[in-house]
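# Examination of the molecular architecture
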Amino acid sequence: MRIYFDYNATTPLAPEVTEAVMAASRDLFGNASSVHYFGQQAKAAMDSARSALAALIGADPPEVVFTGGGTESDNFAIRGAAEALEPQKRRHLIASAIEHEAVLNTFKALARRGWRTTLLPLDQSGIVSPDRLREAMTDDTALVSVMHANNEIGTIQPVAALAAIAHEHGALMHTDAVQSVGKISVDVRALGVDLLSLSAHKFNGPKGAGALWIKRGTRLQPYQTGGKHERSRRAGTENVPALAGMGVAASLAVAKMTREAERVGALRDRLEEGVLRSVAGTAVNGERGQRVPNTTNISFDRVEAESLLIALDLEGIAVSTGSACSSGTLEPSHVLRAMGLPTHRTQNSLRFSLGLFSTEEEVDRVIDVLPRLVEKLRGLTRKPQPLGEHLAK
Ligand code: PLP
């Protein structure tokens, strides 16, 4: 039995999506910009995908610009807004410290080009405080970018409140909703944002397809130049099969969201409670009451997360750690570090993220296997006691 609990990294395709991608690859090979029959067939598939995606996020179809995924959408939103607002002498950007690298490294790149950037600090709840944003805003803030749901701990940010503050100061508001779209209700108007990023492969759609929602009237400088695709906002021949697949994934999400959120939420809670009960020295990271339903991030005292991840993989269970192992040293998770968790906790935490094909049987297997693995790893890392002390016991 192989268990996949890493849905926040990527998701398997829904069977209906596989069908749609295969059919479009076979039948819709025309270039969507061509005026002939073949081109128009491809364009019709894209139009229908755009409408399905718009319905998923409460948008108008013309506001949806297709991209190659979440990273591209984040880059487009931030670089495009920054460049469009430069003539207004707005040279300041704000994001939260727990954003995805797609946002954080785009900020770094713009900082190298003279932009001032501020990263909002957080507390152990893993939720951005509107007060921190209010303190950070200045008259030359061009853009605020705060993710809707965090990829490592799943916390949902108060995006509507943050957007209101950004707008009070004349700044644009972007949210990276890559980890919330398809899992919980996302409505661009209710969130009050100007720009929203999403990615198909996080909600059972294909990889390499995503979108940036751009509120009507928002000026963005396209950063990829070329033809007039996507109303001159994103040049390049469109990946019609992937976009058709994303459209089907969006329709499935609309149809199943409430039911699936409840089902997956119950599985996540069962897993979380089971682990906390059966393994001593465990704690959940981040505010449990304000999370996407599929994610839990748990720290295991005196266990190196990477070792536990490998031990679980050997048992056929795939999970993830926010820590990156680079050149043999374990980089602590930037999210947990930004939340002010002690160093050991930033290195001993695992993320379990569930989804479409997750079952109760899988959850129970993980709860069954974990105590033994944790015990074994703790035994290996236990410091040898001085001989005298050992004999005295
Ligand atoms: N933003 C968040 C919050 C993510 O979790 C991810 C993917 O892990 C991305 C952006 C990047 O999306 P993509 O893989 O589609 O480029």
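Residues numbered from 1 in each chain as written. Predicted model: local features only at pLDDT ≥ 70, side-chain atom pairs only at ≥ 80, totals over all residues. Heavy atoms only, no water.

### Quick word on the packing of aromatic side chains
With the rule as written, the count across this model stands at 4 aromatic pairs. An angle of 35 degrees between the planes, with centres 5.4 Å apart, marks the rings of Phe29 and Phe38 as tilted. Accessibility expressed as a relative area gives 60% for Phe29, which makes it exposed. Judged by relative accessible area, which is 42%, Phe38 ranks as partly exposed. Put simply, the rings of Phe29, Tyr37 and Phe38 touch in pairs and so form one group of aromatic residues. Residue placement shows Arg91 over the ring face of Trp115; its charged tip is 4.7 Å from the ring centre. (Phe/Tyr/Trp six-rings, centres within 6.5 Å; stacked < 30°, edge-to-face > 60°. Buried < 20%, exposed > 50% of the residue type's maximum accessible area, 1.4 Å probe, protein only. Lys NZ or Arg CZ within 6 Å of the ring centre and 35° of its normal.)

### Topic: the side chain of His92
Turning to its location among the elements, His92 is positioned in strand E3 (residues 92–96). There is a polar contact of 3.2 Å between the side chain of His92 and the side chain of Thr138. At a separation of 2.8 Å, a polar atom in the side chain of His92 contacts the side chain of Thr141. (Helix = DSSP H or I, 4+ residues; strand = E, 2+ residues; numbered from the N terminus. Polar contact = N/O pair within 3.5 Å; in protein donor to acceptor, adjacent residues only side chain to side chain.)

### Structural notes on unusual backbone geometry
Phi at Arg231 is positive, roughly 55 degrees, even though this residue is not glycine. Among the structural elements, Arg231 can be located in helix H8 (residues 229–232). The residue Ser232 is not glycine, and still its phi comes out positive at about 65 degrees. Relative to the helices and strands, Ser232 resides in helix H8. For Ser232, a relative accessible area of 39% gives the class partly exposed.

### Description of the sheet that holds strand E9 (residues 282–284)
Spatially, E9-E10-E14 is the arrangement adopted by the 3 strands of the open sheet, whose pairing is antiparallel. On the outer flanks of this sheet lie E9 and strand E14 (349–353), each paired with one strand and no other. Strand-to-strand twist in this sheet, taken as the mean axis angle between neighbours without regard to direction, amounts to 30 degrees. The pairing of E9 with strand E10 (residues 295–300) spans 3 bridges and is antiparallel. (Pairing = 2+ DSSP bridges. Axes fitted to C-alpha atoms, helices over the stretch in contact; angles between N-to-C directions.)

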